[in-house]
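# Notes for the structure review
One letter stands for each residue in the lines below.
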Amino acid sequence: VPGWAAIVLLALVALTLPACSGGEDKPSKANELLGAKVEPPYDKPYETLNDTSGKPYNIRTETEGKLTLFYIGYTHCPDICPLHMVELKRALAALPADTASRVTVVFVTADPERDTGEVLRSWLDHFNPAFVGLVPTRQELSEMLKHLGMNYPERTDIGNGNYTVSHAAYVIAFAKDNVAKYVYPSGITADDWVHDIPLLLKEGPKK
Amino acid sequence: MMVKAYARVAALLFPALLLAIAALVVASCGGDDDNSAAPTRPASTVAASTPAGTAGGLAIIGVSVRATTNDVSAAYFTVKNTGPADRLLKAVADVTANVQLHEVVTTGGTAKMQPVAGLDVPANGQLELKPGGYHVMLLDLKSPLKQGQTVKLELRFEKAGTITVMAPVTD
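Presented here is an overview of the structure given in this document. None of these values were measured; they are calculated from a predicted model. Positions within a chain are numbered from 1, following the residues in the order the chain's sequence is written. Going through the entries in the order they are written, you letter the chains from A and number the ligands from 1. Local features in this predicted model are restricted to residues whose pLDDT is 70 or higher, and side-chain atom pairs enter the listing and the counts only when it is 80 or higher, whereas totals over whole chains, interfaces and linings include all residues. Side-chain numbers here rest on the full set of heavy atoms in the structure, without hydrogens or water.

## What to know about the overall build of chain B
Here a strand is any run of E in DSSP of at least two residues, a helix any run of H or I of at least four, and the numbering for each starts at the N terminus. Scanning chain B for helices and strands turns up two helices and 11 strands. When the helices and strands of chain B are read in sequence order from the N terminus, they spell out α-α-β-β-β-β-β-β-β-β-β-β-β. Pairs of residues are marked as contacts when any of their non-hydrogen atoms sit within 4.5 Å. For chain B, contacts bridging at least 24 residues in sequence account for 62% of all contacts bridging at least 6. Note on areas: Shrake-Rupley with a 1.4 Å probe; residue coverage comes only from the protein chains shown. When the accessible area of chain B is evaluated, it comes to approximately 8600 Å², of which 59% is carbon and sulfur surface.

Okay, structure coming up:
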């Protein structure tokens, strides 16, 4: 039931909405990005970190020419991290394949002790096997965050050997020119990404 | 059994739901420039308004638990209150003995998650547990939670007592 129900609902909404949007409605904001503008922009990290299979992955060269959606989190995070991954998974599935193929999602763990390559891979595969997982050493993590101007993750003990890790709540969108002028805070949805990704793909060096 | 019952309820509700949405959409066309009522996610909005459990003036709506591949997850819901102020003191789950109430504090773009002793439910108001704010944290899960599963949650309130809800696991 839910499958066809959703289709009928969508069809119904699609049929009725155009009737509403005619006339003198608010001007369209179709070309405005929904992401939050950051000043100064972020520069894409130059670091080479181990990927989930233990192979060195240079963030700059491996993502060359791609829209790179970059996130620092951890897998024992029940709240913001999986939500970003779920929304990105849904967005990439909803976009045309030739648009989605120009996007790389990179997840760097801020908890390398628990997030081994294997743990991180299995967690990312739950969302999308194409999502890149990177496992830095503490030293590499510290240097990368320093270059980015971001806070070093702090642990909070929550008992029974468990701890939470503080981390940036937003996804950083590096355009093709390796510069990120926009970030995507928690609460951003797949629909927001579907709206912004094609626009973000236009950012970067002008031909 | 539970799933069957849900499916039947869904099938019964569905025609009504279509009508309700059609009415909403038409209403939003008819109004002057107020498009705020236009439903973007009609199905979930309607489903979420059916309480999963009630006690006193409290009603739990929109409860869900996130699917996970590891040993942590989070439960979200809204507590609607038509009575005096109350407080959520504790949550108990059938999938783990380690359940905590957590808040996420975001300062300057950095999110930090920490346990809290309880969560206030304002009089004639609501307490919302949602991503980026409060959640019930499920720790040390014996096995990962998969979509389609159901988690039994007992929510213990200071005044209203315990409300038991069945929370669907969703992606």
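Moving on from the coordinates now.
## Structural notes on the nonpolar core
Here, the term nonpolar core denotes a set of buried Ala, Val, Leu, Ile, Met, Phe, Trp, Tyr and Cys residues that are joined through side-chain atoms within 4.5 Å. Classification of residues uses two cut-offs on accessible area relative to the type maximum, computed with a 1.4 Å probe and protein chains only: under 20% is buried, over 50% is exposed, and between them is partly exposed. A:Tyr42, A:Leu69, A:Phe70, A:Met85 and A:Trp193 are the most contacted members of the largest nonpolar core, which has 68 residues in total. Here the element with the most residues in this core is helix α3 (residues 80–94) of chain A; it accounts for seven residues. Non-local contacts of A:Tyr42, meaning those with residues more than four positions away in its chain, are made with A:Leu148, A:Met150, A:Tyr170, A:Ile172, A:Phe174, A:Asn178, A:Val179, A:Ala180 and A:Val183. If you look at the next biggest cluster of nonpolar residues, it comprises 31 residues, including B:Ala55, B:Leu145, B:Ile163 and B:Ala167.

## Things to note about α3(A)
All names here are of chain A. The first and last C-alpha atoms of α3 sit 21 Å apart over 15 residues, in line with the 21 Å expected at 1.5 Å per residue. Of all 15 residues in α3, 11 are buried; the element is thus mostly enclosed. Within the sequence span of α3, burial applies to Ile80, Cys81, Pro82, Leu83, His84, Met85, Val86, Glu87, Leu88, Ala91 and Leu92. One fewer than the residue count of a helix, multiplied by 1.5 Å, yields its expected span.

## A look at the sheet that holds strand β6 (residues 132–135) of chain A
Strand pairing within a sheet occurs via backbone hydrogen bonds; the two strands may be parallel or antiparallel. All names here are of chain A. Should DSSP find at least two bridges between two strands, the strands are taken to pair. The eight strands lie next to each other as β1-β11-β10-β4-β5-β6-β2-β3, forming an open sheet whose pairing is mixed. Pairing within the sheet leaves two strands with one partner each, and these edge strands are β1 (36–43) and β3 (56–58). When the angles between neighbouring strand axes are averaged without regard to direction, this sheet yields 35°. Two elements, strand β2 (residues 48–51) and β3, share three bridges in a ladder whose sense is antiparallel. Following the sheet pairing, Asn50 is matched in β3 by Pro56. Axis definition: a line fit to C-alpha positions, over the contact stretch in the case of helices; interaxial angles, taken between N-to-C directions, run 0 to 180 degrees.

## Let's talk about the pairing of β2(A)
Residues and elements named next belong to chain A. Between the end of β2 and the start of β3, which pair antiparallel, lie four residues, with Gly54 showing a positive phi angle near 90°. Judged from the two bridges that link them, β2 and β6 form a sheet pairing that is antiparallel. Considered in β6, the bridge of Asn50 is made with Val135.

## Remarks on the side chain of A:Asp51
Residues and elements named next belong to chain A. Relative to the assigned elements, Asp51 resides in strand β2. Only four residue types enter the charge count, namely Lys and Arg as positive and Asp and Glu as negative; His and the chain termini do not. We define a salt bridge as a contact between a side-chain nitrogen of Lys or Arg and a carboxyl oxygen of Asp or Glu at a distance within 4 Å. Look at Asp51: it is buried, it has no salt bridge, and the nearest opposite charge is Lys55 at 5.2 Å. Residues adjacent in sequence count toward polar contacts only when both atoms are side-chain atoms; beyond that, a polar contact is any pair of N or O atoms within 3.5 Å, and within protein one must be able to donate a hydrogen and the other to accept it. At 2.8 Å, the side chain of Asp51 forms a polar contact with the side chain of Ser53. The residues touching Asp51, leaving out its near neighbours within four places in the chain, are Tyr57, Gly133 and Leu134.

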